[in-house]
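Overview (structure and organization)
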Amino acid sequence: MSVFQKLKQGLSKTSSNIRNKIQDIFRPGVLSDEFLDELEAVLIQADVGVGATTDLIDSLREESRSRSFETVEDLYRTMAEKVADIFASVDAPLQVAGGGPTVYAMVGVNGSGKTTTIAKLAHRYTRQTKKVILAAADTFRAAADDQLAVWAKRTGADLIRHSHGSDPGAVAFDAAKAAIARKADLLLVDTAGRLHTKKNLMEELKKIIRVLSREIPGAPHEIILVIDGTTGQNGLVQAREFAQAVDITGLCITKLDGSSKGGIAVAIASELGIPVKLVGVGEQAEDLRDFDSRSFAYSLFGIDPA
Ligand SMILES: Nc1nc2c(ncn2[C@@H]2O[C@H](COP(=O)(O)OP(=O)(O)OP(=O)(O)O)[C@@H](O)[C@H]2O)c(=O)[nH]1
Ligand SMILES: [Mg+2]
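Residues numbered from 1 in each chain as written. Chains lettered and ligands numbered in written order. Predicted model: local features only at pLDDT ≥ 70, side-chain atom pairs only at ≥ 80, totals over all residues. Heavy atoms only, no water.

Remarks on the layout of surface pockets
Picture a little ball the size of a water molecule; that probe, rolled over the atoms, points out where space is still empty. Counted as a void, the largest pocket has a volume near 330 Å³. Forming the walls of the largest pocket are 21 residues, and the residues nearest its centre are Gly-111, Ser-112, Gly-113, Lys-114 and Thr-116. Elements with a contribution of two residues or more to the lining of the largest pocket: helix 6 (114-127) and strand 4 (186-191). Here the lining of the largest pocket takes five residues from helix 6, the largest share from any one element. Along the lines of polarity and charge, the residues of the lining of the largest pocket split into one nonpolar, twelve polar and eight charged. Each pocket or cavity is described by its volume, and for the second largest pocket that value is around 150 Å³. Surrounding the second largest pocket, Lys-13, Thr-14, Asn-17, Ile-18, Lys-21, Val-42, Gln-45, Ala-46, Asp-47, Ser-260 and Lys-261 form its lining. Mapped onto the lining of the second largest pocket, the elements with two or more residues apiece are helix 2 (12-25) and helix 3 (33-45). For the lining of the second largest pocket, the element with the most residues is helix 2, which contributes five residues. (1 Å grid on protein atoms, 1.4 Å probe; cavity = no way out; pocket = protein on both sides within 12 Å on 5 of 7 lines; lining within 4 Å. Points joined across faces, edges and corners; volume = space filled by probe spheres on them. Helix = DSSP H or I, 4+ residues; strand = E, 2+ residues; numbered from the N terminus. Nonpolar A, V, L, I, M, F, W, Y, C, P; charged D, E, K, R; others polar.)

A look at the pairing of strand 5 (residues 222-228)
Burial of strand 5 is extensive: seven of the seven residues sit out of reach of the surface. Residues Glu-222, Ile-224, Val-226 and Asp-228 point to one face of strand 5 and Ile-223, Leu-225 and Ile-227 to the other, with burial holding for every one of them. Two elements, strand 1 (residues 102-107) and strand 5, share four bridges in a ladder whose sense is parallel. Its bridge partner being in strand 5, Met-106 is matched across the sheet by Ile-224. The pairing of strand 5 with strand 6 (residues 250-254) spans five bridges and is classified as parallel. The residue of strand 6 that forms the bridge with Ile-224 is Gly-250. Assessed by its sense of winding, the connection that carries the chain from strand 5 through helix 10 (residues 234-245) to strand 6 is right-handed. (Buried < 20%, exposed > 50% of the residue type's maximum accessible area, 1.4 Å probe, protein only. Pairing = 2+ DSSP bridges. Right-handed = clockwise from strand over helix to strand, strands pointing away.)

Shown next as structure tokens:
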């Protein structure tokens, strides 16, 4: 199955929800205020967020003044393009260091897919014959570093780990030193899952980031917030809180192969200006893709990009 088909399937619950509701109320011609009000409710329910929804509806209203919509597919296509534009306005590729190791830290709530995403990145870059080091800065969850060790072995990446319960800042420190000494191309830092509401854990996260930035100039080059794509509205809350603690540079949305609710990516891009950089489409090492805003936007409405 192509990535696009996987994405389309993963987002099919959301897209069929949107489509079923719009189908019922759509009438060919000029979009009525009543229709736009209902459309607004549909988008909010799809987790697109108030800000982005308002922008989309305003823009549709404007467009509807100068043209009519003869088919519902025409409307989907127009909305998909507008959503793609929202993504495009914040789009940015993964940052790479000018010299020395490039450092990516993964952060997020429990079970969102941080460690798996690190494994996938390790797979990607070791296959490009890059030297990759993994830092097991999740010293909290039992066996978290064993999980990472398995992936290090499988991908041929080095692993820096300390004993269970030790200071994650110290792991980050050693890993940064090792990355420089071993001339690594990439340092991938795994962190413990934490609830965005736990203040002391957010302080711990800040410390990890501080250590990395002190030891390696320009690091971390990415702080990726990993969000479970099936989460829905809470994803926006998570993003807001994590972004307040550390400088989130991008999102990885995982589990897009399941029944995810992709609307939240639009809300986060629009309200917080944080781009999606990666998407997880499965549990295997190969199941990671760079975000493609158009494919994603079209998948949300269940249509193929032209
Ligand atoms: N289907 C699917 N499952 C995924 C994806 N990414 C991660 N998972 C699964 O989600 C579960 C949690 O993944 P982890 O990578 O351990 O999550 P984590 O964020 O490191 O979890 P903690 O360290 O406990 O906070 C595992 O069973 C993964 O296999 C994905 O893109 N698709
Ligand atoms: Mg983990």
